[in-house]
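Structural characterization, general
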Amino acid sequence: MMPTAETTTLVIFGASGDLTHRKLVPALCSLNCKGRLPQDLNIVGVSRRPLSDDEFRASLYQGMQDGGEFVASPEQWGEFSRRIFYVAGDVGSAENLAPLQQRLAEVEGGPDVAANRLYYLALAPSLYEPAIRSLSQAKMVAEDGGWRRVVIEKPFGSDLTSAQKLNETVHSAFQEHQVFRIDHYLGKETVQNLMVFRFGNTIFEPIWNRNYIDHVQLTVAETVSVSERADYYDQAGVLRDMFQNHLLQLLTLVAMEPPAQFEADAMRNEKVKVLNAVRRISPEEAGCHTVHAQYNGYCDEEGVGDNSVTPTFAALRLYVDNWRWQGVPFYLRSGKALAEKATEIIIQFRRPPHMLFPIEEGKDIPANVLAICVQPDEGFHLEFQAKTPDAGLQMSPVDLEFHYQDAFDQAIPDSYERLLLDALNGDASLFIRSDEIEQSWGIIDPIIYGLASSDMPPPYEYEPGNWGPEQSNVFLGLDDRAWLRGCGEHKSGG
Ligand code: BG6
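Sequence positions are assigned chain by chain, starting from 1 and proceeding in written order. Predicted model: local features are reported for residues with pLDDT of at least 70 only, side-chain atom pairs are reported and counted for 80 or more only, and whole-chain, interface and lining totals are derived from all residues. Hydrogens and water are ignored here; the side-chain numbers use all heavy atoms of the structure.

As for the site of the ligand
- Residues are counted as near a molecule or strand when any one of their heavy atoms sits within 4 Å of it. Within the structure, the ligand sits among K154, H184, Y185, K188, E222, R229, D241, M242, H246, K336, K341 and Q375.
- Under the rule applied, a polar contact is a pair of N or O atoms within 3.5 Å (in protein, one hydrogen donor and one hydrogen acceptor; residues adjacent in sequence only if both atoms are side-chain atoms). A distance of 2.7 Å is found between an oxygen atom of the ligand and a side-chain nitrogen or oxygen belonging to H246.
- Here the ligand loses 82% of its free accessible area of 400 Å² to cover by the protein chains.
- Numbering of helices and strands runs from the N terminus; a helix is a DSSP stretch of H or I covering at least four residues, while a strand is a stretch of E covering at least two. The dominant element in the shell around the ligand, judged by the number of residues it contributes, is helix α8 (residues 230-255), at three residues.
- Any residue outside Ala, Val, Leu, Ile, Met, Phe, Trp, Tyr, Cys, Pro, Asp, Glu, Lys and Arg is labelled polar, Gly included; the first ten of those are nonpolar and the last four are charged. Considered class by class, the residues forming the shell around the ligand number two nonpolar, three polar and seven charged. The protein chains shown are the only cover counted for residues, whose accessible areas, like all others here, come from Shrake-Rupley with a 1.4 Å probe.

In structure tokens:
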């Protein structure tokens, strides 16, 4: 039995950072306003800067007003901020955690009072391992009377070797059920709804396979450039930043078999099977299955090397070698400085085997398209053919649409609300298990190495505000396909 105490403390390491101000605290405050936070939850922020509790609270409120997803009224904030405390500390060594231990004892009601603790590492990734070692050496991970859990932000490693090493360190202090590796895409409502859509209905699952689906497209497009995060981004590039995590997670949810229960390990076992079945692209083949590109002006961004060849856009063709998906390509693309911010999953069904009705000259037999719009304007669109009125047997594509905003009269919560609540409740279904992380790096690593090799031409260029380089269209064109848009106003995707 897992020990559970009455009091719970959320300890945020990296409390003065952007993530805490813009995401974590607004999400926690919003949960508090909805009455969803455990009654006896306290929040202790830790970072190096000396601050009083009040100064810390003021800085958090300012951060929320400057760019949080949720902004509380002064009354709501007053009610919530009573739970918040601060201590200056350095996670680099166990001795330096003494002030934190003392503060925790005060907040929790005494050094011998049992309390549950959720440690949130909102730190620079280079501090994950030192922080975990310090917590372990300071004996702050033992579950004596209350549970201990740790939330680790992405990036989890920068390649397979570093991810394995980080997993080893994590496992030297925590058991896997105590570890919550975040991918905030899994907290998005539409991403979770994909499970309900597939497994809570009977009409889609029978056709969700190679017999009916021609191919799948996953697009995560962003309009922003790398601007303030250039130091990190120039080392990472788009494949580490977006593909190893968010895009591969979306792929697993589209491709996985139904788990027997909606439970963390049952779900994650199925996701791992998909990742395991993804056909590996060797470094030598990387050029044939990928297009990589950099937006013009990237090298002029502050913090980017003058001759940087870091890709800011990539498109990838993957295959899932199993019974359900054999031969069905999954096209993945993502980039910065693109024409729109949009995350979409497109399922293009096969064309009818025989066409009875006239088709406009030069046009293909139409195929049904299901577009799952993850953001913005969350919803689903199913495109099918209808008879054009009073025009003989001419057909036109029409849409069956579901928009969250119209169907449910409530705002969509930020993904951190769901994920923080799940971590506090010990539900790891929407968090990444160690083997998922390692499988994902196993898929992406050889592609990154292949593209970075000296035999490979440098990334193509594209103008900011486009849909990536023209070669991305050529890439799909060579497979007789084209990028599709399902959710915006335009139906073809650059
Ligand atoms: C993060 C990446 O994980 O996801 C960022 O590091 C990216 O580069 C962000 O901008 C996108 O998230 P969202 O929720 O805005 O699509």
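More follows now that the structure is in view.
Looking at the sheet that holds strand β3 (residues 84-88)
- In this scheme, strands are said to pair when DSSP sees at least two bridges between them. Strand order in the open sheet formed by six strands is β3-β2-β1-β4-β5-β6, with parallel pairing between adjacent strands. This sheet does not close on itself; its edge strands, each paired only once, are β3 and β6 (179-181). Strand-to-strand twist in this sheet, taken as the mean axis angle between neighbours without regard to direction, amounts to 20°.
- The pairing of strand β1 (residues 7-13) with strand β4 (residues 115-121) spans seven bridges and is parallel. Within β4, the position partnered with T7 by the bridge is A115.
- Should any heavy atoms of two residues lie within 4.5 Å, those residues are counted as being in contact. Each axis is a line fitted through C-alpha atoms, and for a helix only the stretch in contact is used; angles between axes span 0 to 180 degrees, taken between their N-to-C directions. Helix-sheet contacts for helix α4 (residues 98-108) involve β1, β2 (41-47), β3 and β4, and the interaxial angle to β3 is about 160°.

A few points about the side chain of Q294
- Structurally, Q294 is set in strand β8 (residues 290-295).
- Remark: exposure states derive from per-residue accessible area (1.4 Å probe, protein chains only) relative to the maximum for the residue type, with buried under 20%, exposed over 50%, and partly exposed in between. We classify Q294 as buried; its relative accessible area is 11%.
- When residues no more than four places from it in sequence are discounted, the contact partners of Q294 are C299, S308, V309, T310, T312, P459, Y460, E461 and Y462.

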